[in-house]
Amino acid sequence: MDINININFNNNLKKIKFNLILIGILALAAILRFYNLDFQGPWLDEITTMQLSDPTIPLSKTNELIATRDAFSEIYYYPLKFLSYIFGHSIYTLRFFSALFGVLSVYLIYLFVNELINKRTAYISAILMAVNFFHICYSQEARSYSLLLF
């Protein structure tokens, strides 16, 4: 009876260890995506995102602007509009939304590869995605690229 308890305890420790690895990878991804998020002003496409997600514009006007100005779906702009209403309409708020989905994409890659191949390959895939320069850059833009990847 005591042997089974020790074996179960050791298995639980291994699960915690592996979860700590994943938490570390996600923490690294978050640091790289959220660090200095508003270090530069918005560029032209981000200004369009700011205009389309302005919480003071009615939804009917937002739909009209999306149809005439941008190729992205309303699915991206409505959550931004809501977040801008709650936290203030700033470039940081809009980039935060993209950075959040950038971190969640790293986790999703881990789950996907873990299901297809194995846990070790999933960790490697998540690390590579977490430090990928292009993914970091696109996750820091107020555009729907990280949401599309997610």
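For the structure, check the block above.
Here's what I pulled together on the structure shown here.

## Notes on helix H4 (residues 74–87)
Counted at 1.5 Å a residue, the expected span for H4 with its 14 residues is 20 Å, and the 20 Å between its end C-alpha atoms agrees. After H4 finishes, the residue Gly 88 shows a positive phi value of roughly 105°.

## What about the packing of aromatic side chains?
Considering all chains together, one arrives at ten aromatic pairs under this definition. Aromatic side chains Tyr 76 and Tyr 77 sit 5.2 Å apart centroid to centroid with 75° between the ring planes, which places their arrangement in the edge-to-face category. Tyr 76 gets classed as buried once you look at its relative accessible area, which sits at 2%. Between Tyr 76 and Phe 97 the ring centres are 5.9 Å apart and the planes differ by 50°, which places this aromatic pair in the tilted class. In this pair, Tyr 76 is assigned in helix H4 and Phe 97 in helix H5 (residues 91–116), connecting sequence segments 21 residues apart. Three or more aromatic residues joined by ring pairs make a cluster, and in this case those are Tyr 76, Tyr 77, Phe 97, Phe 101 and Phe 150.

## Some words on the packing of helix H3 (residues 59–69) against H4
Where H3 meets H4, the axes come as close as 11 Å, and the angle between the chain directions of the two elements is 140°. Compared by their axis directions, H3 and H4 come out oblique. H3 and H4 meet at a crossing whose hand is right-handed. Taken together, the residues of H4 that come into contact with H3 (itself represented by Leu 59, Thr 62, Asn 63 and Ile 66) are Glu 74, Tyr 77, Tyr 78 and Lys 81. Among the residues making up the contact of H3 with H4, the classes are represented as four nonpolar, two polar and two charged.

Here is what the cut-offs are and how they apply
Residues numbered from 1 in each chain as written. Predicted model: local features only at pLDDT ≥ 70, side-chain atom pairs only at ≥ 80, totals over all residues. Heavy atoms only, no water. Helix = DSSP H or I, 4+ residues; strand = E, 2+ residues; numbered from the N terminus. Expected span 1.5 Å × (residues − 1). Phe/Tyr/Trp six-rings, centres within 6.5 Å; stacked < 30°, edge-to-face > 60°. Buried < 20%, exposed > 50% of the residue type's maximum accessible area, 1.4 Å probe, protein only. Axes fitted to C-alpha atoms, helices over the stretch in contact; angles between N-to-C directions. Parallel < 35°, antiparallel > 145°, perpendicular 65-115°, else oblique. Left-handed = near helix turned anticlockwise from the far one by under 90°. Contact = heavy atoms within 4.5 Å. Nonpolar A, V, L, I, M, F, W, Y, C, P; charged D, E, K, R; others polar.

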